[in-house]
Amino acid sequence: SQSTFPGQYPEKYPAPYAPAGSRYPTYNPQRNKANSSGKKLWIILSSVIGGILLLAGITFSVVYFTVPDRKYNSACAALEAQRFDEAYDGFIALGSYKDSKDKASESMYKKGVYLNENKKYKEAADIFNKLGNYEDSFAQYQSSYYNYGLQLIGDGAYSEAIEVFTSLGSYSDSELMIDEAKYCYIVNHLDNSDATTYNYLIELKAVNYKDCKQLYNTLYAWKATKFYFNTGSDSTDKKTSISRSSPLYCHFTIEGGPPEGSFYAYASALWPDGSKMNKQKSDVVMYRNGTFWWGWKDGIYLDPKNGKTGTFILILYDDNNNEIGRSSVRITK
């Protein structure tokens with residue numbers, strides 16, 4: 001018999017409500033084909049995009065973590081191999097990665113030590129000076145710069161050495177080395193026309209440094225040279241003998257002495273008969289490269305007829321009683 005159901009049903013109704021053995025076929029709804037295709041495409045795109053993002057993340061991680069680490073290790077290897085500049089540049093390029101900033105400073109510090117050990121004192125001092133408070137850089141700077149000063153003295157660069165030791169202040173014996181650099185300049189420039197030599201000698205003899213007083217007295221000693229005799233104060237002829245009744249003039253040139261120096265000369269004389277004129281002071285100031293004379297316009301004898309012939313000697317002295325020169329002429333009748 002046929003089952004009956006309350007109400008009216010469509011010709012085709014959902015299968016769950018179809019009575020067993022019903023004459024109506026089971027309802028199998030068909031999906032919308034366009035909607036189904038869109039969902040499939042979205043799933044594919046989502047998968048692709050997800051893969052790309054995953055790959056990008058992996059790549060970023062590799063770049064972010066692996067590449068800097070490789071560069072860091074490369075910089076460390078350069079430092080170990082004493083390629084200091086390469087190491088420094090590598091660490092600086094890494095910025096704040098790990099301890100790169102400290103490693104950059106370490107690279108320069110070790111370069112300074114290396115240069116110092118190889119007597120490149122100036123370059124080492126420059127590096128330590130730039131490192132500031134890094135470890136014992138300041139002490140290393142002082143030591144390197146001091147050695148640079150000694151090196152300059154050895155190279156004959158005395159003025160530069162003085163500047164170095166002056167800048168070091170009270171470090172070690174820098175103040176003494178200033179005097180030593182000046183002394184070395186003096187003994188290598190024993191020229192009485194050199195103003196620097198003169199100034200250094202004035203300074204060092206004031207503190208009794210080594211033999212500077214003796215050097216000063218020797219280098220700046222007054223000297224009377226180029227003697228010649230004749231009978232006139234303005235005459236330039238040279239005579240080997242002068243009559244005992246003629247005027248007698250001794251001409252000479254003053255040399256030596258300190259730059260711009262001058263003095264009053266003294267003179268004594270020995271007559272042919274053995275009598276002596278005691279020292280007399282000149283009336284004019286004498287100076288370097290000046291030509292002067294000492295003379296007797298009425299001759300050397302009050303009574304020429306009774307004056308002995310023979311050798312007449314004139315002796316000149318500076319104002320410190322040091323003999324600066326002498327000369328003689330033959331006195332005739």
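Here, the structure is the one placed above.
Figured I'd write up the structure that's included with this text. (Residues numbered from 1 in each chain as written. Predicted model: local features only at pLDDT ≥ 70, side-chain atom pairs only at ≥ 80, totals over all residues. Heavy atoms only, no water.)

When helices and strands are tallied, the protein chain shows nine helices and eight strands. By residue count, 35% of the 333 residues in the protein chain fall in the buried class. For the protein chain, the proportion of contacts with a sequence separation of at least 24, taken over those separated by at least 6, is 53%. Working note: accessible area of the protein chain is about 21,000 Å², and carbon and sulfur atoms make up 50% of it. (Helix = DSSP H or I, 4+ residues; strand = E, 2+ residues; numbered from the N terminus. Buried < 20%, exposed > 50% of the residue type's maximum accessible area, 1.4 Å probe, protein only. Contact = heavy atoms within 4.5 Å. Areas by Shrake-Rupley, 256 points an atom, 1.4 Å probe, with all protein chains shown as cover.)

Below, the discussion takes up the side chain of H251. Its place among the elements puts H251 in strand 3 (residues 248-256). There is a polar contact of 2.8 Å between the side chain of H251 and the side chain of N230. In terms of polar contacts, H251 uses its side chain to reach the backbone carbonyl oxygen of G232, at 3.0 Å. (Polar contact = N/O pair within 3.5 Å; in protein donor to acceptor, adjacent residues only side chain to side chain.)

On to the sheet that holds strand 5 (residues 276-287), then. The strand order across the open sheet formed by five strands is 2-8-7-4-5, and the pairing between neighbours is mixed. Edge positions in the sheet fall to strand 2 (241-243) and strand 5, since each has one partner strand and no second. Strand after strand, the sheet turns through a mean of 30 degrees between neighbouring axes, direction not considered. Pairing of strand 2 with strand 8 (residues 323-332), which is carried by three bridges, proceeds in the parallel orientation. In the sheet register, I242 faces strand 8, and the bridge partner there is I331. (Pairing = 2+ DSSP bridges. Axes fitted to C-alpha atoms, helices over the stretch in contact; angles between N-to-C directions.)

Mapped onto the secondary structure, Q82 falls in the loop between helix 1 (33-80) and helix 2 (84-93). Residue classification places Q82 among the partly exposed residues on the basis of a relative accessible area of 47%. Counting along the chain gives 28 residues from Q82 to K110, while the straight-line C-alpha distance between them is 8.2 Å.

In this section: helix 6 (residues 158-167). All buried positions along helix 6 are accounted for by Y158, A161, I162, V164 and F165. All buried residues of helix 6 lie within an arc of 160 degrees about the axis, which places them on one face of the element. For helix 6, the secondary structure elements touched by its buried residues are helix 5 (137-154), helix 7 (174-188) and helix 8 (195-206). Remark: G169 follows helix 6 within two positions and exhibits a positive phi of approximately 60 degrees. (Arc of directions from axis to C-beta.)

Another point: the environment of L204. Note on placement: L204 falls in helix 8. Given a relative accessible area of 1%, L204 falls into the buried group. Separated by 12 residues in the primary sequence, L204 and Y216 have C-alpha atoms spaced 9.7 Å apart.

A regular strand carries its side chains on alternate faces of the sheet. Both strand 4 (residues 262-270) and strand 5 contribute to a ladder of seven bridges, which runs antiparallel. In the strand pairing of strand 5, L270 is matched with K276. Sheet analysis places strand 4 next to strand 7 (residues 310-317), joined by five bridges and oriented antiparallel. Each residue of the ladder has a partner; that of Y266, found in strand 7, is Y317.

A few words on the packing of aromatic side chains. Throughout the structure, instances matching the rule amount to 23 aromatic pairs. Geometrically, the ring pair formed by Y198 and Y220 is edge-to-face, given 5.3 Å between the ring centres and 90 degrees between the ring planes. Of this pair, Y198 sits in helix 8 while Y220 sits in the loop between helix 9 (212-219) and strand 1 (222-230), placing them 22 residues apart in sequence. Pairing Y249 with W293 gives two aromatic rings, centres 5.1 Å apart and planes at 75 degrees, and the pair type is edge-to-face. Here Y249, found in strand 3, pairs with W293, found in strand 6 (residues 291-296); they are 44 residues apart in sequence, far enough to count as distant. On the basis of relative accessibility, which here comes to 9%, the residue Y249 falls in the buried class. Judged by relative accessible area, which is 43%, W293 ranks as partly exposed. A network of ring pairs unites the aromatic residues F138, Y141, Y145 and Y148 as a single cluster. (Phe/Tyr/Trp six-rings, centres within 6.5 Å; stacked < 30°, edge-to-face > 60°.)

This brings us to the environment of T309. Looking at where T309 falls in the secondary structure, it is placed in the loop between strand 6 and strand 7. Its relative accessible area of 40% is what places T309 among the partly exposed residues. It is 6.5 Å that separates the C-alpha atoms of T309 and K333, two residues lying 24 residues apart in sequence. In this structure, T309 is in contact with P272, I331, T332 and K333, ignoring residues within four places of it in sequence.

Attention shifts here to the nonpolar core. A general trend in soluble globular proteins is that nonpolar side chains are found buried together. Judged by nonpolar contacts, the single largest core of 39 residues is most densely connected at L131, Y145, I153, F165 and L201. Secondary structure elements with two or more residues in this core: helix 3 (100-117), helix 4 (121-131), helix 5, helix 6, helix 7, helix 8 and helix 9. When residues in this core are grouped by element, the largest group, seven residues, is from helix 7. Discounting chain neighbours no more than four positions away, the residues touching I153 are Y158, A161, F165, M177, A181 and C184. Judged by nonpolar contacts, the second largest core, of 26 residues, contains A267, F292, W294 and L316. (Core = buried A, V, L, I, M, F, W, Y, C linked by side-chain atoms within 4.5 Å.)

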